[in-house]
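Commentary on secondary and tertiary structure
What follows is each chain in one-letter form.
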Amino acid sequence: YLGVQRVDDISLSIIERLGIPNNTRGLVIGSVTGPARTAGLLSNDVITAINGENVSGLGMLLAYLATNTEPGQVIDITVLRGGQLVVLPVELGTR
């Protein structure tokens, strides 16, 4: 359990709203709870990678979490925040 909610794939309207480069790929976070909040992820962060692997959409993120992780494991989430890439370690929780 990562603890991100209302996650949307990057679209042109999101690019314009957040003022991010138009070649940005990833997911924009709507809200954070649990492990994500504890790790310092914020609303409007754009998840671009998980453990160094580029995230192209919600399906990819969910598949990666389901097949490569387990509760208690620490993963690195790379986010675009304020024009900078930030890597945050997140300890996954249980639902």
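Residues numbered from 1 in each chain as written. Predicted model: local features only at pLDDT ≥ 70, side-chain atom pairs only at ≥ 80, totals over all residues. Heavy atoms only, no water.

**With respect to the overall build of the chain**
Within the chain one finds three helices and eight strands. Along its sequence from the N terminus, the chain presents helices and strands in the succession β-β-α-β-β-α-β-β-α-β-β. Over its C-alpha trace the chain gives a radius of gyration of 12 Å, about what one expects of a compact globule, namely 12 Å for 95 residues. Here the chain holds 95 residues, and 43% of them are scored as buried. Summarising the internal contacts of the chain: among those between residues at least 6 apart in sequence, 50% fall at separations of at least 24. Taking the 6 positively charged and 8 negatively charged side chains of the chain as two groups, their mean positions are separated by 9 Å. (Helix = DSSP H or I, 4+ residues; strand = E, 2+ residues; numbered from the N terminus. Rg over C-alpha atoms; globule rule 2.2 N^0.38 Å. Buried < 20%, exposed > 50% of the residue type's maximum accessible area, 1.4 Å probe, protein only. Contact = heavy atoms within 4.5 Å. Lys, Arg positive; Asp, Glu negative; His and termini not counted. Charge placed at Lys NZ, Arg CZ, Asp CG, Glu CD.)

**Overview of the pairing of strand β5 (residues 46-50)**
Here β5 lies mainly inside the structure; five of its five residues are buried. The pairing of strand β3 (residues 27-28) with β5 spans two bridges and is antiparallel. Looking at β5, one finds that Val28 is bridged to Val46. Alignment of β5 against strand β7 (residues 74-81), held across four bridges, turns out to be antiparallel. (Pairing = 2+ DSSP bridges.)

**With respect to the pattern of salt bridges**
Taken as a whole and judged by the stated rule, the model has one salt bridge. With its nearest N and O atoms 2.7 Å apart, the salt bridge here joins Arg81 to Asp45. With Arg81 in strand β7 and Asp45 in the loop between α2 (34-39) and β5, the pair connects residues that are 36 residues apart, well separated along the chain. Here Arg81 falls in the partly exposed class, since its relative accessible area comes to 27%. (Salt bridge = Lys/Arg side-chain N within 4 Å of Asp/Glu carboxyl O.)

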